[in-house]
Amino acid sequence: MTYDRLVCANCAAPVSEGRCPVCRANRERLQQQESFLANLNPMALIALLAVLVAAVALLAHQTA
Ligand SMILES: [Zn+2]
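These numbers were taken from a predicted model, which means no experiment stands behind them.

**Q** Give me the overall build of the protein: which residues, what numbers.
**A** When its secondary structure is counted, the protein shows one helix and zero strands. A compact globule built from 64 residues should have a C-alpha radius of gyration of about 11 Å, whereas the protein, at 21 Å, is more than 25% larger. Expressed as lengths along the three principal axes of its C-alpha atoms, the size of the protein is roughly 65 × 15 × 10 Å. Surface summary for the protein: the accessible area is close to 5200 Å², and the carbon and sulfur share equals 65%. Positive and negative charge centroids in the protein, built from 5 and 4 side chains respectively, lie 5 Å apart.

What follows is the structure in structure tokens.
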């Protein structure tokens, strides 16, 4: 999700240009979300991988 193409509801200019306070608030919020997701994703992937490995190990144990 990128905010580059978002148009402000208040001033009808691209949010990324930050022409009005609404633009700047939206831009800041979206940037925080993007950095949050960027930090979260590697950890979420590792957690998902751990769950998968555990599930496969459990399944192998049950069928053996
Ligand atoms: Zn605006």
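**Q** Before we move on, could you go through the coordination of the zinc ion and cite the residues and values that matter?
**A** The protein atoms that coordinate the zinc ion are Cys-8 (SG), Cys-11 (SG), Cys-20 (SG) and Cys-23 (SG), at distances of 2.2 to 2.4 Å. Considering all four donor atoms around the zinc ion, angles at the metal cover 99 to 117 degrees and the coordination shape is tetrahedral. Counting gaps between the donor residues of the zinc ion yields the pattern C-x2-C-x8-C-x2-C. A relative accessible area of 4% means that Cys-8 is categorised as buried. On the accessibility criterion, Cys-11 (30% relative accessible area) is partly exposed.

**Q** Hey, could you go over the pattern of salt bridges for me, with residue numbers and the actual values?
**A** In the structure shown here, the tally under the stated rule is one salt bridge. Of the charged contacts in the structure, one is a salt bridge between Arg-19 and Glu-17, with a shortest N-O distance of 2.7 Å. A residue is classified by how much of its surface remains accessible, and Glu-17, at 42% relative accessible area, is partly exposed.

Parameters at a glance
- Residues numbered from 1 in each chain as written.
- Predicted model: local features only at pLDDT ≥ 70, side-chain atom pairs only at ≥ 80, totals over all residues.
- Heavy atoms only, no water.
- Helix = DSSP H or I, 4+ residues; strand = E, 2+ residues; numbered from the N terminus.
- Rg over C-alpha atoms; globule rule 2.2 N^0.38 Å.
- Areas by Shrake-Rupley, 256 points an atom, 1.4 Å probe, with all protein chains shown as cover.
- Lys, Arg positive; Asp, Glu negative; His and termini not counted.
- Charge placed at Lys NZ, Arg CZ, Asp CG, Glu CD.
- Donors = N, O, S within 2.8 Å, 3.2 Å for Na, K, Ca; no water.
- Tetrahedral: all angles 85-135°; square planar, octahedral: opposite > 155°, others 65-115°.
- Buried < 20%, exposed > 50% of the residue type's maximum accessible area, 1.4 Å probe, protein only.
- Salt bridge = Lys/Arg side-chain N within 4 Å of Asp/Glu carboxyl O.

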